[in-house]
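What follows is each chain in one-letter form.
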Amino acid sequence: MTKAIMLQGTGSDVGKTILVAGLCRLASNRGLNVAPFKPQNMSNNAAVSDDGGEIGRAQWLQALAARIPTSVHMNPVLLKPQTETGSQIIVQGKVFGQAKGRDYQRLKPQLMAAVLDSFRQVSEGRDLVIVEGAGSPAEINLRAGDIANMGFATRAEVPVVLVGDIDRGGVIASLVGTHTILPKEDRQQITGYIINKFRGDVTLFDDGLSAIEGFTGWPCFGVVPWLKAASRLPAEDSVVLERLVQGKGGALKIAVPVLSRIANFDDLDPLRLEPEVDLVFVRGGERLPLDAGLVILPGSKSTIGDLAEFRDNGWDRDLGRHVKRGGRVIGICGGYQMLGRTVSDPLGLEGAPVTVAGLGLLEVDTVMAAEKTVRNSRAHCLDYDVPLSGYEIHLGVTDGPDRARAPVVIDGRADGAGSPDGRIKGTYLHGLFSSDAYRRGLLQSFGISGGGGDYRAVVDSALDDVAAELETHLSSCWLAALLG
C-alpha cells in the first residue's frame, strides 16, 4: 500500500513547495519510488506535463526532484488568476472554465472526484506520495467543500504535518492558533509540525518548542534553517519577486517590468544566476532603468489587462526611450503579444470583447483564439544557431510582416518576430533562457564572455543540497518512519 504524507502550512509562502521538493529528492536518493501531489494550486507559473497538460511549475520541480516524468495528475486543479477576483480553472491538465472566487467555492465539491481520481493514479505503484497543501487549513471560512487542505486529507486519509514559518514572526501563535480553531476531525489528522526558515542558534527556541507542544500536544519533527540552496531553485509564487535583492551589479543590466498577472517568470531564473548579469525587477511606480541594455517583457495571464497596467505605469514611454537609445527588447509569450501593433480578443476570452493598441515595436497583430496551445517543444534559435527546448502555453495567433524575421523555429515552424534592425524580438517559446548555449550567445552579443553554465546541473545540485539539509535537521525517527 502506498504511503503518503501531506505538508500543510500555517499560511501561504511558508516554504511548503521547497520542503516537498527536498523530501522528494531525499526519498529518491534512498531508492524510493516517490511522487509529488498538490490537489489544488493557484499560480500563473505553469508547466506542460509529459502527458500534455498544464500543471503548476512547483509540481514540475518536485517531479524533477523525484526523478520521474511529470503528469497532469500531480496537480489536478490549477487556478490561473486573470483578474483580482477571477481565475481560469484547469482540471487534469485541460481548461475547465472560468470563475470568480465565490462561484469557484460552489464548484469545489464537484472537483473533489477529479482530485481523488488523480491522487489514486499518482499513487499507483509508488512507495511514497508527498502531498502539498495550499494556503492554510486555518482558513476555516473555506472549509466547506475544501479540496486543497483538510478536505482532501480527511477524504483521502492522509496524515498531515503542519509547517510554520518562523522568519515572518508569530510562529508559536500561528501553530497554536491553528490547533485552536480547527474542528476536532481536522486537528486529529495532524501528526506533528515543522519549523521552517530558522536563523541563528536553534537552542534559543527550545522553550518555544515546549510551549507549542504544551498547547497542542503535537511533536516537532524538526527545525529547518534558512535554506540557502533554495535561492538556486525556480520560485513558484510571484510574491518572491518582492523580496529579490536588486542591484547586485554586473556588466549587463536587464530590466523586467513586473505586472499584476505576470506568468512563468521562472523563465528568468537562469539569467538571475548569471554572475555578470544584473537582473532588475521593476515594480509599479518605478521607472525602467536608463542604463539597462536589455528589457524583457515576460509572460502574462491577461495580456490586455497587463498592457493597460504597463501604460498606467508609464513604462510604454520608458520603453520607447530605451529603444531610441539603442536598447534591446525581448518579449516572451504575452510580452511578445504586447510588442505588436494590436491585440484583439473578439470572443472576450480575457474579459469584454475588445481590440487594443499594442506597443507598436513589432509589425505584428495578435488575435486571441478559443483553442489554447499547450505543448512541450523542441526548437532552434536562428540568431545563435543553437538548439532549444521549452514549452508553449498561450491563447492567440500572431501574424504580420515582422514574422519574416522569426528568431526561433519550433518543431519545424517559424515562431515569433523580429524588427528590421534585430534589436526587438518576440517568441511564444518559454524556457528560452534555460538553454545554456542560447544564454552564452545572448551574453556574448552584449560583449560579455562566459555565460552558458549548466543551469540544469545548478538546479539538480540545489535539490541535493536541500535534501541533505532536511536529512540533517529533520527528526531521524520521523524520517525513518516516512522513508523506511
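Structure's up top.
Parameters at a glance
- Residues numbered from 1 in each chain as written.
- Predicted model: local features only at pLDDT ≥ 70, side-chain atom pairs only at ≥ 80, totals over all residues.
- Heavy atoms only, no water.
- Pairing = 2+ DSSP bridges.
- Helix = DSSP H or I, 4+ residues; strand = E, 2+ residues; numbered from the N terminus.
- Axes fitted to C-alpha atoms, helices over the stretch in contact; angles between N-to-C directions.
- Contact = heavy atoms within 4.5 Å.
- Buried < 20%, exposed > 50% of the residue type's maximum accessible area, 1.4 Å probe, protein only.
- Polar contact = N/O pair within 3.5 Å; in protein donor to acceptor, adjacent residues only side chain to side chain.
- Expected span 1.5 Å × (residues − 1).
- Arc of directions from axis to C-beta.
- Salt bridge = Lys/Arg side-chain N within 4 Å of Asp/Glu carboxyl O.
- Parallel < 35°, antiparallel > 145°, perpendicular 65-115°, else oblique.
- Nonpolar A, V, L, I, M, F, W, Y, C, P; charged D, E, K, R; others polar.
- Left-handed = near helix turned anticlockwise from the far one by under 90°.

A. Spatial organisation of the sheet that holds strand 10 (residues 160–165). Spatially, the 6 strands line up as an open sheet ordered 2-9-1-10-11-12, and their pairing is parallel. The open sheet has two edge strands, strand 2 (34–37) and strand 12 (220–225), and neither has a second partner. Pairwise comparison of adjacent strand axes, ignoring direction, gives a mean angle of 20° for this sheet. Here helix 2 (residues 57–66) sits on the sheet and contacts strand 2 and strand 9 (128–132); the angle it forms with strand 2, its principal contact strand, is near 170°. On top of the sheet, helix 3 (residues 101–123) reaches strand 1 (3–9), strand 2 and strand 9; it is set at about 165° to strand 2, its chief contact.

B. Seen up close, the side chain of T303. Mapped onto the elements of the fold, T303 is located in helix 9 (residues 303–312). The exposure class of T303 is buried, given its relative accessible area of 1%. At a separation of 2.7 Å, a polar atom in the side chain of T303 contacts the side chain of Q337. Each residue touching T303, except ones within four places of it in the same chain, is listed here: G334, Q337, M338, V343, E350 and M368.

C. Broad picture of helix 13 (residues 455–473). Along its 19 residues, helix 13 runs 27 Å from first to last C-alpha, staying within 8% of the 27 Å computed at 1.5 Å per residue. Looking only at helix 13, the buried set comprises Y455, V459, A462, L463, V466, A467 and L470. Projected onto a plane normal to the axis of helix 13, the buried residues spread over an arc of 135° and lie on a single side. Between the side-chain oxygen at the start of helix 13 and the backbone nitrogen of R456 there is a gap of 3.4 Å, and the oxygen is on D454.

D. Geometry of the pattern of salt bridges. Considering all chains together, one arrives at 32 salt bridges under this definition. One salt bridge connects E54 with K80, and the closest N-O pair in it is separated by 2.6 Å. Here K80 lies in strand 6 (residues 77–81) and E54 lies in strand 5 (residues 54–56), a separation of 26 residues in the sequence. For the pair shown, E54 and K80 are each scored as buried.

E. The arrangement of the packing of helix 1 (residues 16–29) against helix 13 in detail. One way to put it is that helix 1 packs onto helix 13 with a least axis distance of 8 Å and a crossing angle of 90°. Overall, the two elements helix 1 and helix 13 adopt an arrangement that is roughly perpendicular. Residues I18, L19, A21, G22, L23, R25, L26 and N29 of helix 1 form the contact with helix 13, whose own contacting residues are D460, L463, D464, V466, A467, L470 and E471. Residue composition of the contact of helix 1 with helix 13, by class: 9 nonpolar, 2 polar and 4 charged.

F. Focus on the pairing of strand 2. Along strand 2, one buried face is formed by V34 and P36 and the opposite face, lined by A35 and F37, is buried too. For strand 2 and strand 9, the ladder comprises 4 bridges, and the chain directions are parallel. Counterpart to F37 in the pairing with strand 9 is V131.

G. Spotlight on the packing of helix 1 against helix 14 (residues 476–483). Between helix 1 and helix 14, the shortest axis-to-axis distance is 11 Å and the interhelical angle comes to 65°. By the angle class used here, helix 1 and helix 14 are roughly perpendicular. Remark: the crossing between helix 1 and helix 14 carries right-handed chirality. Contact with helix 1, carried on its side by L23, L26 and A27, involves W478, L479 and L483 of helix 14 and no other residues of that element.

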